[in-house]
Amino acid sequence: MVGAIPLLVRRRAACVLRTSVRLQLVCPQRGYALDTTNNAIAARYKDKLERAMKEKGVSTLEDLKVHYEDNYKQLREREPLAPTTTSPAAEDAQAKATPRPPVIPKISKEQSMKTLASFIDVDKLRQHTVPREIELIWRARFANDPNALCAVLPADVFKRMRQTAKAYPIFVLPLPRSPIESGADAAPLSAGGKSTAAEIQFMQWTFPEDYTSHCIMTSLLEFKAHKEFARPHTTLIFHTELAESHGIVLFNGSVERDMNVSNADAHFLVLTLQKFYNADTHAESAYERAKALRRHNLLEMFKGGKNFDLELLLAEAEMID
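In this text the structure is predicted, and so the values were computed from the model without any measurement.

K.L.:
It is not clear to me how the overall build of the chain should be interpreted in this structure. Could you clarify?
P.N.:
Counting secondary structure elements, the chain contains 14 helices and nine strands. The burial tally for the chain puts 34% of its 321 residues in the buried class. Once local pairs closer than 6 in sequence are excluded, the contacts in the chain between residues at least 24 apart make up 57%. Surface accessibility of the chain: about 21,100 Å² in total, with carbon and sulfur atoms responsible for 56%.

In C-alpha cells, the structure reads:
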C-alpha cells in the first residue's frame with residue numbers, strides 16, 4: 001500500500017493539470033463532459049447538448065460538432081443556396097470589404113426608342129393625302145414645347161442623307177461662339193479672313209429600325225470626358241413611315257435646357273448637318289457639284305483621320321447656300 005500512494009498522487013496531479021488547461025463541466029449522472037470555451041452558449045443549451053451527446057453516443061462537444069458537420073455538408077449539397085450562419089458583425093465587415101456593382105435598370109426597346117407612333121396616331125395621319133396638311137398637324141403636335149424641334153423633309157432629300165449617314169455615321173460640327181461664350185473645347189479659327197471661336201460638337205447617327213433614324217449631338221469636351229456615356233444636348237429623330245405613300249419624312253428633336261445650347265444653336269447645327277449629309281455630288285450645277293465634293297471630302301478626311309482641317313469645316317458651315 002505504501003508504494004501505491006505515490007502513484008495515486010501522481011494521477012491526481014495530472015488530472016488537476018489537465019483541468020487547469022481546459023475547464024470542464026462534469027455531469028456524474030450521465031458521464032458526459034461539455035467544453036465551455038464558449039461559456040454563454042454552453043450554459044444556455046447545456047441540457048440540450050448533453051441530451052444530444054447521449055443520443056449520438058459521443059462524450060465531448062467537439063465530437064458532437066464533428067458528427068453534425070457531415071449532416072451540414074449533405075444539406076448544403078442538396079440546397080446550395082441555403083444561407084450560412086454568419087454573425088451580423090461579420091456580414092457587415094464582408095459587405096464593406098466587397099463593394100457591390102451598381103444596379104443598372106433594364107430598359108425595354110419600347111422605352112428606349114421613340115417611333116412615329118410614340119408622338120402621333122399614324123393611321124389617322126395617313127388619311128390626309130396632302131403633305132401640307134400633314135406638316136401643319138405635325139408642327140402643331142410640338143407647338144407648346146419650347147425645347148422641341150420639328151420639320152418635314154422631302155423623301156428624296158432624307159434618302160440621300162441616310163445613305164451618307166450610313167457611310168459616315170460619326171462627324172463633328174462647329175458651333176460659332178463669341179470669345180466670352182467659348183469653353184475649354186472651343187477652337188480659335190480663321191475663316192474668310194476673320195478670327196472666329198467655335199465650340200466643336202460631336203455627332204453620331206444610329207439606325208435602330210427600318211423606319212427610324214437617330215442623330216445625337218454632344219460637345220466634344222463632353223465626349224472626351226465620358227466617351228459612350230456622354231450626355232447629348234440635342235437628339236434628332238427622323239421617321240420614314242410616310243416616305244413612300246406621301247413622299248415626306250417627319251423629323252422632330254429635343255434640346256436639353258441645362259447644357260449651354262439654345263434652340264437657335266440647335267437650329268444652326270441641324271442646318272449644318274444637312275449641308276454635309278445632303279451634299280449631292282451628282283447635281284446638275286457645276287457649282288453645286290464642287291460644293292458637295294468639298295463637303296464630301298471633309299467627311300472622308302474625318303473618317304480616315306488624316307489632314308482634317310477645322311478651318312475648312314467652319315468655312316463650309318458658315319457658307320450661305
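K.L.:
Is there a simple way to think about the packing of helix α9 (residues 155-167) against helix α12 (residues 263-277) in this case?
P.N.:
A pair of packed helices is characterised by two quantities: the angle between their axes and the separation of those axes. Following both chains from N to C, one finds α9 and α12 inclined at 80°, their axes separated by 9 Å at the closest point. Looking at the two axes, α9 sits roughly perpendicular to α12. Contacts between α9 and α12 involve Val157, Arg160, Met161, Thr164 and Ala165 on the former and, on the latter, Gln274, Phe276 and Tyr277. Of the residues in the contact of α9 with α12, the class split is five nonpolar, two polar and one charged.

K.L.:
Mind showing me how you'd approach the packing of α12 against helix α13 (residues 286-304) here?
P.N.:
The interhelical angle for the contact between α12 and α13, taken along N-to-C directions, is 95°, at an axis separation of 8 Å. Classified by the angle their axes make, α12 and α13 are roughly perpendicular. For the pair formed by α12 and α13, the contact residues are Lys275, Phe276 and Tyr277 on the first element and Arg295, Leu298 and Leu299 on the second.

Calculation criteria
- Residues numbered from 1 in each chain as written.
- Predicted model: local features only at pLDDT ≥ 70, side-chain atom pairs only at ≥ 80, totals over all residues.
- Heavy atoms only, no water.
- Helix = DSSP H or I, 4+ residues; strand = E, 2+ residues; numbered from the N terminus.
- Buried < 20%, exposed > 50% of the residue type's maximum accessible area, 1.4 Å probe, protein only.
- Contact = heavy atoms within 4.5 Å.
- Areas by Shrake-Rupley, 256 points an atom, 1.4 Å probe, with all protein chains shown as cover.
- Axes fitted to C-alpha atoms, helices over the stretch in contact; angles between N-to-C directions.
- Parallel < 35°, antiparallel > 145°, perpendicular 65-115°, else oblique.
- Nonpolar A, V, L, I, M, F, W, Y, C, P; charged D, E, K, R; others polar.

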